[in-house]
Amino acid sequence: MGYRKDRVRFNVGGRIFETTATTLANAGRNSLFGAMFDDSWNLQQLDNNNSNDYFIDRNPDCFAVLLDLLRTNELCVPTNMSEKLLYREAVYYGLLDHVRSAKWGPFDGNRLWLSRTVAGQAPGDGTAIRAGPDGGCCVAHGCMVHVYDWMLDEHPTINLDYQRVNDVGWLDSENIVVSVCERLGRGDGGMGLFSSSSGELRDKFQVSHENQVKSFTAGALSFSSDYKIFSSCKGRSNEYGIGVWDQITGKQTDFFYEPLGWSLGDADKLQWLNGSNCLLVATLFPRKDNCYISLLDFREKKMVWSWSDMGAPIMVDEKRVRDAIAMEESNSICVVNEYEDLGFIDIRNSGGSVRWSSRSKLMKGKMPDEPCYPKLALHEGQLFSSMNDSISVFCGPEWVLTSRLRRSHGGSICDFSIGGDRLFALHSEENVFDIWETPPAPII
């Protein structure tokens, strides 16, 4: 069988390679090599045309790089080798995760460096950017969604016959959910499931009210660990609130109707909280004159926590909330205003006040002519906030500012997203997005 003890020989594209089962075991059970061994990592008795080695009809140069990666856990790519070719071969052998982990270190906002900038492909300002689970991303511009895989190759554009895309989200590495404004008189839903690779429409999500299918505008999106899709919904009758759909069947399973005097159908942000099985719903200025933040429990069909600045005296405009994010570990909601002041609301007390951590003095006088509203993200125990042309990183129990991500040009950042060990930042003025990565730790 071409091995002595645990030695293994491969003939890859006419070149002979010799290694050990111990080295190949580093590839993991889900790799091509894992399929060639039994549970004890002994070679299976496979018919190999009676030769003394295993023949694989693939690129031998890439195989050499990948085999060396399994031996040393280091990725050394020759200067004359196409990275796209190497990634394609890594997919074939089931080693893409190994390549990614060797190329990027563990995500750390304080060590991120700008690895690439990609020019936009659509006129007008970008609406949203969303990182994919495998390190790709999708960008919404007007009525179009541009999709990129983790190699940043662009897939077919999703071009929609709607007025505007409101939000996009990755259901998984193969499917994207897009929410849009309704088309008056058409009667179809404002949300669809699309293939990330082909742009093909796979399913439409409908809203039913009093047993009738209604036309609606879908807004902010969120996904839960138990395969639910949530979207803010705004119809023309009484269907205002948060809709829920099953990810597998695409059928509507629930609807949380908007309470009197409260705004849910216009929500700017939804966030599923795995620990409490609740949904954060935030409707923010300037969509509404006041800010509404709530936690919805769909099991009990009630709003279990809420906060609003409605009726509260706001002496200066800088205290208006622009974004919000739940921080389950500290039982709090973090909010941010237009000057990047961070505020914290204790969710153990309904209707509690905001404890502001002021940074306004640092930012006043530096506002651009057309500022973008700040956005928040929480990842790997670090808090991120965009502000004008930079993204700030906050760490520690007191959320101290530890670093800023900024490049020399590009204009204000209108949105950013973290996923697949990458941070993507979408600029408004030049219609470009940046990719920030964490370099691997130096080898000592």
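Predicted model, so just to flag it, every value in this text is computed and none were measured. (Residues numbered from 1 in each chain as written. Predicted model: local features only at pLDDT ≥ 70, side-chain atom pairs only at ≥ 80, totals over all residues. Heavy atoms only, no water.)

1. Quick word on the pairing of strand β28 (residues 382-387)
Quick note on the threshold: Here's how the labels work: a residue is buried when its accessible area is under 20% of the maximum for its type, exposed when over 50%, partly exposed in between, all with a 1.4 Å probe on protein chains only. Working definition: helices are DSSP H or I runs of at least four residues, strands are E runs of at least two. Numbering for both runs from the N terminus. Here the rule is simple: two strands pair whenever DSSP picks up at least two bridges between them.
Of all 6 residues in β28, 6 are buried, a share of seventy percent or more. Side chains of β28 alternate between two faces, with Gln382, Phe384 and Ser386 and Leu383, Ser385 and Met387 buried alike. Sheet topology note: the strand β27 (residues 376-379)/β28 ladder contains 4 bridges and is antiparallel. Within the sheet, the bridge partner assigned to Leu376 lies in β28 and is Ser385. In this structure, the hairpin formed by β27 and β28 is closed by a connection of 2 residues, where Glu380 is found at a positive phi of approximately 50°. With antiparallel pairing between neighbouring strands as the criterion, β28 and strand β29 (residues 390-395) make up a hairpin whose turn holds 2 residues, including Asn388 at a positive phi of roughly 55°.

2. Details of the sheet that holds strand β3 (residues 54-56)
Filter applied, for reference: Axes here mean lines fitted to C-alpha atoms, for a helix over just the part in contact, with angles spanning 0 to 180 degrees between N-to-C directions. Contacts are assigned to residue pairs that have any heavy atoms within 4.5 Å of one another.
Within the open sheet, the 3 strands sit side by side as β2-β1-β3. Their pairing is mixed. A single partner strand is all that each edge strand has here, and the edge strands are β2 (15-20) and β3. Each strand of the sheet is rotated relative to its neighbour by a mean of 30°, with strand direction disregarded. On top of the sheet, helix α3 (residues 60-72) reaches β1 (7-12), β2 and β3; it is set at about 10° to β2, its chief contact.

3. Looking at the pattern of salt bridges
The following threshold applies: Salt bridges are defined as contacts in which a side-chain nitrogen from Lys or Arg sits within 4 Å of a carboxyl oxygen from Asp or Glu.
By the definition in use, this model includes 22 salt bridges. For Lys84, the salt bridge goes to Asp153, with nearest N and O atoms at 3.6 Å. Residue Lys84 is located in helix α4 (residues 83-93), and its partner Asp153 is located in the loop between β7 (144-148) and β8 (158-159); the two are separated by 69 residues in the primary sequence. What makes Lys84 exposed here is its relative accessible area of 52%. The closest approach of N and O atoms between Asp254 and Lys301, which form a salt bridge, is 3.1 Å. Placement of Asp254 in strand β18 (residues 252-257) and of Lys301 in the loop between β21 (292-297) and β22 (302-308) is noted, with a sequence separation of 47 residues between them. A single network of salt bridges, built from pairs that share partners, joins Arg58, Arg88 and Glu89.

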